[in-house]
Amino acid sequence: MKKWSAQKEWIMLVHHLPARPTKLRVRIWRRLQALGAVPIKNSVYVLPFNEKTNEDFQWLKQEIESAGGEASLFRAGSIEGATDLEIVALFQKERAEEFSKLISESDGLLGAARQQIRGNSLSLAKFGQYEAELNRLQNELERILSIDFFDTPMSKKARTSLERLRTEFRTGRANKADALNDRSSSAELNVSDYQNRRWVTRKNPHIDRLASGWLIRRFIDKRPRFFFISDDERIGNALAFDMHEGEFTHRGEDCTFETMIKRFGLNTDPGLVRLAEVVHDLDLKDNKFKRSEVGGLGAMIQGLSAIYTNDMERLKQSMPVFDALYEFFRNDPLNSQSDTNMKKQTRKNK
């Protein structure tokens, strides 16, 4: 939670834009909205002063001036014509409107999905569409929180609304996946039956698909052929992973990486079990295993995604990352908690 002293400091941007191009006004207005700035007078916007907001306004000032406009920055302990409480109220009013819109969308999505879940009419493919919308709402929540400088009370309601939606989806998906996989739940697959196969997954792979691709290449198929496709594409005679209603996907509380480890009987390998815990926490964001490595691996995957836009190249470049983590977990004697989890899972599977 952000803490602000009773004695606040502000940074003001006073600007004047040329009449043309007209799209410049729209661009600058959107930039101000993205920064969370509020207007206190005509062409005068304010933010609470700190290192980041100062830098944000400095960049915006440069952008305005480069486009032929004028801009000045002022740092002040108070602003004439408005008290600190009145300015804080302006910030909270802006954020409250954004939180309120988010809550409305979240509750609407929950209502639509809940009826289908309880009627058992929601397919895993539709779950995927709903979860994509949930991810969009989560990103929007994080954006608003990043500019909620004064802890708007409605932020708690927004968090609660999304958590309720996430819980409903998690429970519904788990029940659906269990029902679909009951026939093969006890079958341990033989890697010899999965050689020289086509493996297909969605485009723009992130943690679960990258980790699963690494698992396939290193432990399952010696000569796999990977394809990255859109949801409406099909490739004949291919095994789908981390795709809705595919051969290998999320199952119960497990991400695809965990599902594949268990299906191929690889969950006796402590290195894989420990790595799976990190992948799970990073992919599902439920902090189930509380792995401290999540942040570091997440940063690495984000960096690879930014550098390598080609899906095949991204998978190739991620291989050494998972190789290194696997070797670390396989030889690290400090992961006794993971060993306990592994033994419990092994006993459960027998």
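Residues numbered from 1 in each chain as written. Predicted model: local features only at pLDDT ≥ 70, side-chain atom pairs only at ≥ 80, totals over all residues. Heavy atoms only, no water.

Undergrad: What is the right way to read the overall build of the protein from this model?
TA: Assigned secondary structure in the protein consists of 11 helices and seven strands. Buried positions account for 45% of the 350 residues belonging to the protein. Across the protein, the fraction of contacts at a sequence separation of at least 24, relative to all contacts at a separation of at least 6, is 75%. Put simply, the protein shows about 19100 Å² of open surface, and 50% of that area lies on carbon and sulfur atoms. (Helix = DSSP H or I, 4+ residues; strand = E, 2+ residues; numbered from the N terminus. Buried < 20%, exposed > 50% of the residue type's maximum accessible area, 1.4 Å probe, protein only. Contact = heavy atoms within 4.5 Å. Areas by Shrake-Rupley, 256 points an atom, 1.4 Å probe, with all protein chains shown as cover.)

Undergrad: Please explain the pattern of salt bridges as it appears in this structure.
TA: When their charged atoms lie close together, side chains carrying opposite charge are able to pair. Taken as a whole and assessed by the stated rule, the structure comprises 23 salt bridges. With a closest N to O distance of 2.6 Å, R143 and E98 form a salt bridge. With R143 in helix α4 (residues 124-146) and E98 in helix α3 (residues 84-118), the pair connects residues that are 45 residues apart, well separated along the chain. Here K288 makes a salt bridge to E253, at a shortest N to O gap of 3.3 Å. Taken together, the positions of K288 in the loop between α8 (270-284) and α9 (294-307) and E253 in the loop between β7 (238-240) and α7 (256-263) put the pair 35 residues apart, joining distant regions of the chain. Its relative accessible area of 36% is what places K288 among the partly exposed residues. Sharing partners across several salt bridges, the network here consists of R95, E98, E140 and R143. (Salt bridge = Lys/Arg side-chain N within 4 Å of Asp/Glu carboxyl O.)

Undergrad: How do you make sense of the side chain of Q138 when you look at a structure like this?
TA: With respect to the secondary-structure elements, Q138 resides in helix α4. The residues contacting Q138, other than those within four sequence positions of it, are L162 and R166.

Undergrad: Honestly, the packing of helix α6 (residues 207-220) against helix α10 (residues 311-331) in this entry has me stumped. Any pointers?
TA: Pairs of packed helices are described in terms of their axes, by the angle between the two and the distance that separates them. Put simply, α6 and α10 touch, their axes get as near as 9 Å, and they point 75° apart. In this view, α6 runs roughly perpendicular relative to α10, as classed from their interaxial angle. In this structure, α6 uses I207, L210, A211, G213, W214, R217, R218 and F219 to contact α10, whose residues at the interface are R314, L315, S318, M319, F322, D323 and Y326. A class-by-class count of the residues in the contact of α6 with α10 yields nine nonpolar, two polar and four charged. (Axes fitted to C-alpha atoms, helices over the stretch in contact; angles between N-to-C directions. Parallel < 35°, antiparallel > 145°, perpendicular 65-115°, else oblique. Nonpolar A, V, L, I, M, F, W, Y, C, P; charged D, E, K, R; others polar.)

Undergrad: What is the right way to read the environment of E86 from this model?
TA: Considering the arrangement of structural elements, one finds E86 in helix α3. Taking the relative accessible area as the measure of exposure, E86 reaches 46% and is therefore partly exposed. Sequence spacing of E86 and I40 is 46 residues, and the spatial spacing of their C-alpha atoms is 10.0 Å.

Undergrad: Is there a simple way to think about the nonpolar core in this case?
TA: The nonpolar side chains of a soluble globular protein tend to be buried, and buried together. One finds W199 and F257 to be the most contacted residues of the largest nonpolar core, which totals 38 residues. Listing elements by their share of this core, those giving two or more residues are α6, β6 (225-229), α7, α8, α9 and α10. Counting 28 residues, the second-largest nonpolar core is a separate cluster that includes L32, L35, Y45 and F57. (Core = buried A, V, L, I, M, F, W, Y, C linked by side-chain atoms within 4.5 Å.)

Undergrad: Would you take a moment to explain the pairing of strand β3 (residues 44-48) for this structure?
TA: Looking along a regular strand, one sees side chains alternate from face to face of the sheet. Counting buried residues in β3 gives five out of five residues, a clear majority hidden from the surface. Where strand β2 (residues 38-41) and β3 come together, three bridges link them in antiparallel fashion. Each residue of the ladder has a partner; that of V38, found in β3, is V46. Taking the residues between adjacent antiparallel strands as the criterion, β2 and β3 are bridged by two residues, where S43 takes a positive phi near 65°. (Pairing = 2+ DSSP bridges.)

Undergrad: Quick question: what am I supposed to make of the packing of aromatic side chains here?
TA: Any aromatic ring pair is given by two values, namely how distant the centres are and how the planes are angled relative to each other. For the coordinates displayed, the defined rule picks out 18 aromatic pairs. By the ring-pair criterion, three or more aromatic residues cluster together here, those being Y194, W199, F226, F241, F248 and F264. The residue whose ring lies beneath R75 is F49, and the NZ or CZ to ring-centre distance is 3.8 Å. (Phe/Tyr/Trp six-rings, centres within 6.5 Å; stacked < 30°, edge-to-face > 60°. Lys NZ or Arg CZ within 6 Å of the ring centre and 35° of its normal.)

Undergrad: Where do I start with helix α1 (residues 22-35) in this structure?
TA: The periodicity of an α-helix, 3.6 residues per turn, causes residues three or four positions apart to be oriented the same way. An ideal rise of 1.5 Å per residue puts 20 Å on 14 residues; α1 measures up with 21 Å between its terminal C-alpha atoms. Along α1, the residues that are buried comprise L24, I28, L32 and L35. All buried residues of α1 lie within an arc of 70° about the axis, which places them on one face of the element. When the buried face of α1 is taken as reference, the exposed residues oriented beyond 90 degrees from it are T22, K23 and R30. On the buried face of α1, the contacting elements are β1 (10-16), β3 and α2 (51-66). Looking one or two residues past α1, G36 carries a phi angle of roughly 85°, positive in sign. (Expected span 1.5 Å × (residues − 1). Arc of directions from axis to C-beta.)

Undergrad: Explain the environment of I261 to me, please; I cannot follow it from the model alone.
TA: Positionally, I261 belongs in helix α7. As a C-alpha pair, I261 and I220 span 41 residues in sequence and 9.7 Å in three-dimensional space. Excluding residues within four positions of it along the chain, I261 makes contact with L215, L266, N267, L272 and A276.

Undergrad: How should I be thinking about unusual backbone geometry in this particular structure?
TA: Negative phi characterises most residues that are not glycine, and trans characterises most peptide bonds. Here the bond from R20 into P21 is cis, since omega is 0°, no more than 30 degrees from zero. Here P21 shows up in the loop between β1 and α1. Unlike most non-glycine residues, S43 shows phi in positive territory, near 65°. A relative accessible area of 26% means that S43 is categorised as partly exposed. Positive phi values are uncommon outside glycine, yet K290 reaches one of about 55°. Assignment of secondary structure puts K290 in the loop between α8 and α9.

These figures capture arrangement, not role.
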